[in-house]
Amino acid sequence: MGEIKKGFLPVYDANSKLLILGSFPSVKSRQTEFYYGNKQNRFWKTVCGFFGEDVPCDTEGKKDFLIRRNIALWDIVTECEIVGSQDSTIKNFKTADIEKLLQNSKISFIIINGGTAFSIFEKRFADVGVPYVKLPSTSPANTRFVQKEWIDALSAVFGRT
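Now for a look at the structure at hand. Just so we're clear, the structure is a prediction, and the values are computed from it rather than from any experiment.

1. Considering the packing of aromatic side chains
Part 1: Summed over all chains, the structure comprises 13 aromatic pairs.
Part 2: Pairing tryptophan 44 with phenylalanine 65 gives two aromatic rings, centres 6.5 Å apart and planes at 70°, and the pair type is edge-to-face. Residue tryptophan 44 is located in helix 2 (residues 43-50), and its partner phenylalanine 65 is located in helix 3 (residues 59-68); the two are separated by 21 residues in the primary sequence. Residues tryptophan 44 and phenylalanine 65 agree in their burial class; the two are buried.
Part 3: Taken together, the ring pairs in this structure connect Phe8, Phe34, Tyr35, Tyr36, Phe43, Trp44, Phe50, Phe51, Phe65, Trp150 and Phe158 into an aromatic cluster.

2. A few points about the sheet that holds strand 7 (residues 132-135)
Part 1: In space, the four strands of this open sheet follow the order 3-2-6-7, with parallel pairing throughout. Where the open sheet ends on each side, the last strands, each with one partner, are strand 3 (71-75) and strand 7. Taking the axes of each pair of neighbouring strands and ignoring which way they run, one obtains an average angle of 20° across the sheet.
Part 2: One ladder, built from four bridges, connects strand 2 (residues 18-22) with strand 6 (residues 109-113); its direction is parallel. Within strand 6, the position partnered with leucine 19 by the bridge is isoleucine 110.

3. Details of helix 6 (residues 147-158)
Part 1: In this model helix 6 runs 16 Å from its N-terminal to its C-terminal C-alpha over 12 residues, within 8% of the 16 Å that 1.5 Å per residue would give.
Part 2: The secondary structure elements touched by the buried residues of helix 6 are strand 2, helix 2, strand 3, strand 6 and strand 7.
Part 3: One or two positions beyond helix 6, positive phi appears at glycine 159, with a value near 75°.

4. Looking at the pattern of salt bridges
Part 1: Enumeration over the complete set of coordinates arrives at eight salt bridges.
Part 2: Between arginine 68 and glutamate 53 there is a salt bridge, with its nearest N and O atoms 2.8 Å apart. With arginine 68 in helix 3 and glutamate 53 in the loop between helix 2 and helix 3, the pair connects residues that are 15 residues apart, well separated along the chain.
Part 3: Across the pair lysine 63 and glutamate 60 runs a salt bridge, and its minimum N-O distance is 3.8 Å. Of this pair, lysine 63 and glutamate 60 both sit in helix 3, separated by three residues, roughly a single helical turn.
Part 4: One network of salt bridges, with partners in common, ties together Glu53, Asp64, Arg68 and Arg69.

What counts, and where the lines are drawn
Residues numbered from 1 in each chain as written. Predicted model: local features only at pLDDT ≥ 70, side-chain atom pairs only at ≥ 80, totals over all residues. Heavy atoms only, no water. Phe/Tyr/Trp six-rings, centres within 6.5 Å; stacked < 30°, edge-to-face > 60°. Helix = DSSP H or I, 4+ residues; strand = E, 2+ residues; numbered from the N terminus. Buried < 20%, exposed > 50% of the residue type's maximum accessible area, 1.4 Å probe, protein only. Pairing = 2+ DSSP bridges. Axes fitted to C-alpha atoms, helices over the stretch in contact; angles between N-to-C directions. Expected span 1.5 Å × (residues − 1). Contact = heavy atoms within 4.5 Å. Salt bridge = Lys/Arg side-chain N within 4 Å of Asp/Glu carboxyl O.

Encoded structure:
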């Protein structure tokens, strides 16, 4: 059996109304010890840009941004075996306790960042009772990323800013 790697705790509070779920932290994110740590990943530029804000330069600033904007952030896989950053190699995994997060927040919509996260989510949480949508992965490895799909989904939750 390979080495089990652990993901991050969720970032949210009682007022969070949007949950964004990724798959599992990349090598770069595990090195920086926070979500979407690869500067080439489009996540922070897209979400912060939607609100007209610059990307915070540190983890505390990013956490503050998420809480201020009522966004919860987590990964569907909380621990697993994985080769590098390749979602296709995820195995022997544990899933996030989505129900607990929903009970302790005001989540009314879930954005799922990419196909692997969506596949795992659908197998375990398809009947979660909260609307959800799969969006193209913000990973730099995804050549089919469409920022407009993210902007449209964020607009559906927060309106145009």
